[in-house]
Each structure stands twice: as C-alpha cells, then as structure tokens.
Amino acid sequence: MEFFKSQTHIHFMAMKKYTTGIALLLCITSLALLGIKGLNYGLEFTGGTQVELRFQAPIEAQEVQKTLQDAGLHATRAQHYGSTQDIILRLSDNNHSAESKTRTAINAAFSQKQQPVEIRRIEFVGSEVGQQLAEQGGIAVIVAILATMIYIALRFEYKFAISAALGLAHDALIVLGVFVLFQIEFDLAALAAVLAVVGYSLNDKIVVFDRVRENFRMMRQGTPEEVMDGALNQTLSRTIMTSFMTMLVVLALLIFGGESLFSFSLALCIGIAVGTYSSIFVASAMAIIFGLSRNDLLPKPKVVVDNRP
C-alpha cells in the first residue's frame, strides 16, 4: 500500500541547509537543557523506597498520595498496578534502616482515614546503585550508536556511517531534551525507549541508504543530490506509512497504558517523529555535505595484470 498515489518529486536536498540548521539548533538546545536543568531521574537512578500497597476497596492514586503527604510522607509517585485496589508508591527516602518507620507511618496514615491497607512489599534502591544504572544507561546508548556506525561502514560506506550516527544522536538528544524541558520523570522504561528509538530510526536510514546505492547504479548521469532526492522520494511512502502505523500503536499505549507506561510510550512517540525527520532531512543531507559521490558506492574495477612474456 502506498501513501501517495503517484511518485513524488520533492527536492529534499535543496532544503538541506535549513533542515540541518533546525536539527543543529534543536540538538544544541537539548544539550544546553541537559547541562543547565538536567534530567528528572526516577527512583531507579536516584535511589529511594518502593512500596506496594493493597486496599480492600478501589481507591484513587491521588487520594493515596494526599493522605501520605498529610502524614508527612512525600511520595514522588503513586500509581495503580494490576487493579484499582493495588498501588505502587515511590518514596525519595534513601535510608534503608527506616523501613520499619515507613511501614508504621503508612499504617498510621490510613488507619486515621479508616482505610485498612496491606503493605505487600517494601523495596529499597540505594543511591550508589542508581548512579551506576545511570552511567550504564548512558554507555548503552553510546555503544548502540557506535555499533551502528561500524555496521553501516561495513555494509555501505563510512560517510553513511557518520551521517547515520549523527542522525541517531540527534534523535536521542531531542527525546532527552523534551524530558528535561518538561521535567518528566526519566526512569528505566524511558531509557529502554531511547534505545528502541535508536534501533527504529536506524532501520529507516538503512532503507534509504540501500536505495541510494541502487540509484547510483541506475542513474548514471545524476548528481549525488539528484540520486539522494530520488531515493528519498521512492521510499517516502514506505517511511510515512511505517511511522504512521507504529505511531498509532504507541499512541494507544500513551493514552490507555496508564502512568506506568507513560514515560516509555512518550519517549517512543517523540523518537518516532524525530527519527522520521532525521531519516529524511538529517542523515541523508549530512551524507551529501560530507561529499558522498558515485565512486564511494560503485564497485572498484578489477585490475588484471598480464604476466605473459
């Protein structure tokens, strides 16, 4: 199925100065936000206490949070899991020895409201473990981008590898920038989404690069800009349809998945949008800016040495 009924003839490379300029501006803004405000790390990274509660009757998460706040316990998040009677609390308390105190305070808070509660589990995450997770998460993103560079360099050409890596870094930075701008909690689910975005965006770029290599063989008289425009127009329907259908699924997660899936689905939504943009306007334009030519992709002629006397 095609998104466009007829072949498009959009001159994408004529806009490369503007599109790469916008991408550069967004990346610089994201880096500035990361440096100035920083990510709002979740419990997994900062350390704290996670408590699982079960009530005898359905209860709103906001009501639980307010009851605890009135009792002097500040929950950074209260959300349902499984059913409307089950609540997960995330407390910023990093004192592991305060488990019994936390248990007593929770029981006392809901006893005053005449709401019997069962504390099913109290789990402590140390700040050192959280810091280690944050470092390992950053390393995972960098390793993923470097691995894709090596793969694309071996399959296509090093100019494509650098262009793809810059496009993937652009996608990850903008996702992180949005999380910083709105101070959305960045947890392990959001980190997993960033890694998923890198893989999703890479697939789009490989499809375009593969078509560019084919077009260099077929369009013998075309300039690199014309060949790139041809490849982008030929894959445009596929790119838009794939992104649209994926976005529908992720939007369903964002709307109906609840608070536990919010950061994951939001990061994916942003990543799919910016990944589609970078596949069309950033990675391809950077390859042209780096001087991609026909000789880079066409096989080198074999030199036959005649040793006959």
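Every chain is numbered on its own, with residues counted from 1 as its sequence reads. At least 70 in pLDDT is required for a residue's local features to be given in this predicted model, at least 80 for side-chain atom pairs to be given and counted, and no such filter applies to totals for whole chains, interfaces and linings, which use all residues. Here the side-chain values reflect all heavy atoms present in the structure, with hydrogen atoms and water set aside.

Side note on the layout of surface pockets
Phase 1 of the analysis: Lining residues are defined by having an atom within 4 Å of a point belonging to a cavity or pocket. Those points lie on a 1 Å grid over the protein atoms alone, cavities being sets where a 1.4 Å probe fits but cannot get out and pockets being open sets with protein on both sides within 12 Å along at least five of seven lines. Grid points are joined across faces, edges and corners, and a volume is the space filled by probe spheres set on the points. Roughly 320 Å³ of volume is contained in the largest pocket.
Phase 2 of the analysis: Per the convention used, a helix needs a DSSP run of H or I reaching at least four residues, while a strand needs a run of E reaching at least two, with both numbered from the N terminus. Where the lining of the largest pocket is concerned, the elements lending two or more residues are helix H5 (127–155), helix H6 (158–181) and helix H7 (188–218).
Phase 3 of the analysis: The element that contributes the greatest number of residues to the lining of the largest pocket is H5, accounting for six residues.
Phase 4 of the analysis: For the lining of the largest pocket, the residue count by class is 15 nonpolar, two polar and no charged. Here the nonpolar group is Ala, Val, Leu, Ile, Met, Phe, Trp, Tyr, Cys and Pro; Asp, Glu, Lys and Arg are the charged ones; every other residue, Gly included, is treated as polar.

Comments concerning the pattern of salt bridges
Phase 1 of the analysis: Here a salt bridge means any side-chain nitrogen of Lys or Arg lying within 4 Å of a carboxyl oxygen belonging to Asp or Glu. Using the criterion set out here, one finds eight salt bridges in the structure.
Phase 2 of the analysis: Note that Lys-66 and Asp-70 form a salt bridge whose closest N and O atoms lie 3.3 Å from each other. Residue Lys-66 and its partner Asp-70 are located together in helix H3 (residues 61–70), separated by four residues, close to a single helical turn. Asp-70 shares its class with Lys-66; the two are exposed. Think of it in three bands: residues with accessible area under 20% of the maximum for their type are buried, residues over 50% are exposed, and the middle band is partly exposed, with areas taken using a 1.4 Å probe on protein chains only.

Let's talk about the packing of aromatic side chains
A ring pair, where both rings are aromatic, is described by two values, the distance of the centres and the angle of the planes.
Phase 1 of the analysis: By convention, a stacked pair of Phe, Tyr or Trp rings (six-membered ring in the case of Trp) has centres within 6.5 Å and planes under 30 degrees apart, an edge-to-face pair has planes over 60 apart, and any other such pair is tilted. Evaluation of the coordinates by the stated rule reveals eight aromatic pairs.
Phase 2 of the analysis: Summarising the aromatic geometry, the rings of Phe-160 and Phe-209 are spaced 4.1 Å apart at their centres and angled 15° between planes, so their arrangement reads as stacked. Here the residue Phe-160 occupies a position in helix H6, and Phe-209 occupies one in helix H7, the gap between them amounting to 49 residues. Pair check on accessibility: Phe-160 and Phe-209 agree, each one buried.
Phase 3 of the analysis: On the basis of an interplanar angle of 40° and a centroid distance of 5.1 Å, the ring pair of Tyr-277 and Phe-281 is categorised as tilted. Here Phe-281 and Tyr-277 lie together in helix H9 (residues 262–289), a separation of four residues that amounts to about one turn.

Looking at unusual backbone geometry
Phase 1 of the analysis: Positive phi values are uncommon outside glycine, yet Gln-183 reaches one of about 50°.
Phase 2 of the analysis: Residue placement: Gln-183 occurs in the loop between H6 and strand S6 (185–186).
Phase 3 of the analysis: Assessed through its relative accessible area of 33%, Gln-183 is described here as partly exposed.

Examining the packing of H6 against H7
Relative orientation and spacing of two packed helices are given, respectively, by the angle between their axes and the distance between those axes.
Phase 1 of the analysis: Think of each axis as a best-fit line through the C-alpha atoms, taken over the contacting stretch in the case of a helix, with angles from 0 to 180 degrees between the N-to-C directions. One can describe the packing of H6 onto H7 by two numbers: an axis separation of 10 Å at closest approach and a directional angle of 145°. As for the relative orientation of H6 and H7, their crossing is right-handed in sense. Mapping the contact onto sequence places Phe-160, Ala-164, Gly-167, Leu-168, Asp-171, Ala-172, Val-175, Leu-176 and Phe-179 in H6 and Ala-190, Val-194, Val-197, Val-198, Ser-201, Leu-202, Lys-205, Phe-209 and Val-212 in H7.
Phase 2 of the analysis: When the residues that make up the contact of H6 with H7 are grouped by side-chain class, the tally is 14 nonpolar, two polar and two charged. The hand of a helix crossing depends on one turn: near helix anticlockwise from the far one by less than a right angle means left-handed, and clockwise means right-handed. Between two residues, a contact is recorded if the distance between any of their heavy atoms is within 4.5 Å.

Let's talk about the environment of Thr-148
Phase 1 of the analysis: Summarising the element assignment, Thr-148 is placed in helix H5.
Phase 2 of the analysis: Sequence spacing of Thr-148 and Leu-168 is 20 residues, and the spatial spacing of their C-alpha atoms is 9.3 Å.
Phase 3 of the analysis: Every residue in contact with Thr-148, bar those within four places of it in the chain, is listed here: Leu-168 and Leu-202.

A few points about the packing of H3 against helix H4 (residues 99–112)
Phase 1 of the analysis: One can describe the packing of H3 onto H4 by two numbers: an axis separation of 9 Å at closest approach and a directional angle of 110°. Relative to H4, the element H3 is oriented roughly perpendicular. Residue-level contacts link Val-64, Thr-67 and Leu-68 of H3 to Ile-106, Ala-109 and Phe-110 of H4. For classification purposes, angles smaller than 35 degrees are called roughly parallel, those larger than 145 roughly antiparallel, those between 65 and 115 roughly perpendicular, and all remaining angles oblique.

Describing H7
Phase 1 of the analysis: Residue count minus one, scaled by 1.5 Å, sets the expected span of a helix. In this model H7 runs 46 Å from its N-terminal to its C-terminal C-alpha over 31 residues, within 8% of the 45 Å that 1.5 Å per residue would give.
Phase 2 of the analysis: One side-chain oxygen of the residue at the start of H7 lies 3.3 Å from the amide nitrogen of Ala-189, identifying that residue as Asp-187. A 3.5 Å cut-off defines polar contacts: any pair of N or O atoms within that distance qualifies, except that in protein one atom must be a possible hydrogen donor and the other a possible acceptor, and neighbouring residues in sequence count only when both atoms are side-chain atoms.

What to know about the nonpolar core
Phase 1 of the analysis: Core analysis: the largest hydrophobic core is formed by 56 residues, its most contacted members being Ile-152, Phe-160, Phe-179, Phe-186, Val-212 and Met-228.
Phase 2 of the analysis: Contributions of two or more residues to this core are made by H5, H6, H7, helix H8 (224–256) and H9.
Phase 3 of the analysis: Those residues within four positions of Phe-179 in sequence are excluded, and the remaining contacts are Leu-39, Ile-184, Glu-185, Phe-186, Ala-190, Ser-263, Leu-266 and Ala-267. Each nonpolar core is a collection of buried residues, namely Ala, Val, Leu, Ile, Met, Phe, Trp, Tyr and Cys, held together in the definition by side-chain atoms within 4.5 Å.

What to know about the environment of Ile-22
Phase 1 of the analysis: You can see Ile-22 is positioned in helix H1 (residues 16–36).
Phase 2 of the analysis: The class of Ile-22 is partly exposed, set by a relative accessible area of 45%.
Phase 3 of the analysis: Placed 259 residues apart in sequence, Ile-22 and Phe-281 show a C-alpha to C-alpha distance of 10.0 Å.

Structural notes on a nonpolar patch on the surface
Phase 1 of the analysis: Think of a patch as exposed residues, more than 30% relative accessible area, with no salt bridge, where like charges cluster within 9 Å and nonpolar side chains (Val, Leu, Ile, Met, Phe, Trp, Tyr) cluster within 5 Å. In this description, accessible areas are obtained by the Shrake-Rupley approach with a 1.4 Å probe, and a residue is regarded as covered only by the protein chains that are shown. On the surface, Tyr-158, Ile-162, Leu-166, Ile-289 and Phe-290 cluster together to form a nonpolar patch covering roughly 450 Å² of accessible area.
Phase 2 of the analysis: Top contributing element to the nonpolar patch by residue count: H6, with three residues.
Phase 3 of the analysis: Of note, Ile-162 is situated in helix H6.

Treat this as a map of the structure, not an account of what it does.
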